[in-house]
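Now for the letters of each chain:
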Amino acid sequence: MAGKIKRSNVIADLRELAVSLGPKVSGTEWHLFGSVNRDDPGSSDIDLMIFCQSDTQADMLRQAIDCDSLQLPLHLSLFTFEEAAAINLASVQESTVIPLSNTSDRSSG
Amino acid sequence: MANLNEWVADKLAQNPHEPKIVGYTPEQYLIVEAKSGYKFLVAVIGVKGIIQAAHVQSLFVGVNKPQLVINVPSETLWSGAAIHLIHAEGAAFGKMGDISRAADTGNAGAFRSKSMSYFINAMEQHGNVTSVSYLFESVFRVTRRIGTDLTVAVIDAYNMSAEDIRNTRALMGYFDAVVKSTSYGSITPQAEAAAESMGAKALTFKGLMQWLAK
């Protein structure tokens, strides 16, 4: 499927989603990982981790994000920055940070 | 149903690698054709909240019966009673993404979530377990030979976070243990603490197997 679901389009969609959430995403870091990030064929969902400032922000984003709103179902995981650091998450998952401001994406692994 | 069918048709049509819809039954079930040519019927329901047996019972009274029942939105919970009814009719349940997976089996009614089947089989084969039944699609009542019955929630997470624990409790209610469905990845210390604060355990598959024996 990823042959047609372009990684760049998914990143653009995720940025658009983040913008639509406004101040709720303030201070968060969005990480794309898994098959879409690798541009593997046959992706069945979009793996996204969001690192949050607090438990409250993580809970709020769980409520705010519609996992059916993109081209593929969103497989969403929410962590605090502290949790992500505790298990070295970004590196382990070889994720790509999605720039929420107007800059290019970068790998974090 | 028409709007939901259109939504599903639109999603499938966006990707030429997905199965295609080749028609509708009089009951408005989708006639889906896999790349292999295999055809099956999909009923699309739009229940918000918990899907009960009453929501799906009427799908199986007509001439045409679906082999797969999907719900939109996908975040909705399937109750154990709804699942048992669907399985008793020789059908399967799932979400949008499962149409493609069911098509690949060549027998959509036999489609089962791989990760849940793995857990169910493993728990059923455990020496201290006599039966496993669905409470929800990913929450099971486990009856043991020695020890009390346990409620086990399985979550689809590569790495289990405290938010996963809180979200599982909010959605599915009580559990004695929450288990990560994938064998790789980690459970954060904060997730373990969140589970403990609820009087529950956050476990890996290996941890679950050991814990069931206690």
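Structural data are supplied above this passage.
Let me begin by describing the structure that accompanies this report. Worth saying up front: this structure is predicted, and the values here are computed from it rather than measured.

**Re the overall build of chain A**
Then, in step 1: On a plain count of helices and strands, chain A comes out with five helices and five strands.
Then, in step 2: Moving toward the C terminus, one meets the helices and strands of chain A in the order α-β-α-β-α-β-α-α-β-β.
Then, in step 3: The buried share of chain A, taken over its 109 residues, is 51%.
Then, in step 4: Across chain A, the fraction of contacts at a sequence separation of at least 24, relative to all contacts at a separation of at least 6, is 65%.
Then, in step 5: In the structure as shown, chain A presents an accessible area of about 4900 Å², 46% of it carried by carbon and sulfur atoms.

**Observations concerning the packing of helix 5 (residues 114–124) of chain B against helix 8 (residues 205–212) of chain B**
Residue and element names in this part refer to chain B.
Then, in step 1: Axis separation between helix 5 and helix 8 bottoms out at 11 Å; the angle between their running directions is 25 degrees. On the basis of the axis angle, helix 5 is roughly parallel to helix 8. The handedness of the crossing between helix 5 and helix 8 is right-handed. Contacts between helix 5 and helix 8 pair Tyr118, Phe119, Ala122 and Met123 from the former with Phe205, Leu208, Met209 and Leu212 from the latter.
Then, in step 2: Tallied by class, the residues present in the contact of helix 5 with helix 8 amount to eight nonpolar, no polar and no charged.

**Brief notes about helix 1 (residues 7–21) of chain A**
All names here are of chain A.
Then, in step 1: Over its 15 residues, helix 1 runs 21 Å from end to end, which matches the ideal 21 Å to within 8%, given 1.5 Å per residue.
Then, in step 2: Residues of helix 1 that are buried: Arg7, Val10, Ile11, Leu14, Leu17, Ala18 and Leu21. The buried residues of helix 1 occupy an angular sector of 120 degrees when projected down its axis, which confines them to one face. Summarising the geometry of helix 1, the exposed residues directed more than 90 degrees from the buried face are Glu16, Val19 and Ser20.
Then, in step 3: The secondary structure elements touched by the buried residues of helix 1 are strand 1 (29–33), helix 2 (34–38), strand 2 (46–52), helix 3 (55–64), strand 3 (74–80) and strand 4 (96–98).
Then, in step 4: Positive backbone phi, at 60 degrees, marks glycine 22, one or two positions downstream of helix 1.

**Structural notes on the sheet that holds strand 7 (residues 92–94) of chain B**
All names here are of chain B.
Then, in step 1: Reading across the sheet, the five strands line up as 1-2-3-5-7 and stay open at both edges, with mixed pairing between neighbours. One side of each edge strand has no neighbouring strand; the edge strands of this open sheet are strand 1 (20–24) and strand 7. Each strand axis lies, on average, 35 degrees off the axis of its neighbour in the sheet, ignoring direction.
Then, in step 2: In this sheet, strand 7 lies alongside strand 5 (residues 68–71) in parallel orientation, the contact comprising three bridges. Of the residues in strand 7, the one forming a bridge with valine 69 is phenylalanine 93.

The rules behind these values
- Residues numbered from 1 in each chain as written.
- Chains lettered and ligands numbered in written order.
- Predicted model: local features only at pLDDT ≥ 70, side-chain atom pairs only at ≥ 80, totals over all residues.
- Heavy atoms only, no water.
- Helix = DSSP H or I, 4+ residues; strand = E, 2+ residues; numbered from the N terminus.
- Buried < 20%, exposed > 50% of the residue type's maximum accessible area, 1.4 Å probe, protein only.
- Contact = heavy atoms within 4.5 Å.
- Areas by Shrake-Rupley, 256 points an atom, 1.4 Å probe, with all protein chains shown as cover.
- Axes fitted to C-alpha atoms, helices over the stretch in contact; angles between N-to-C directions.
- Parallel < 35°, antiparallel > 145°, perpendicular 65-115°, else oblique.
- Left-handed = near helix turned anticlockwise from the far one by under 90°.
- Nonpolar A, V, L, I, M, F, W, Y, C, P; charged D, E, K, R; others polar.
- Expected span 1.5 Å × (residues − 1).
- Arc of directions from axis to C-beta.
- Pairing = 2+ DSSP bridges.

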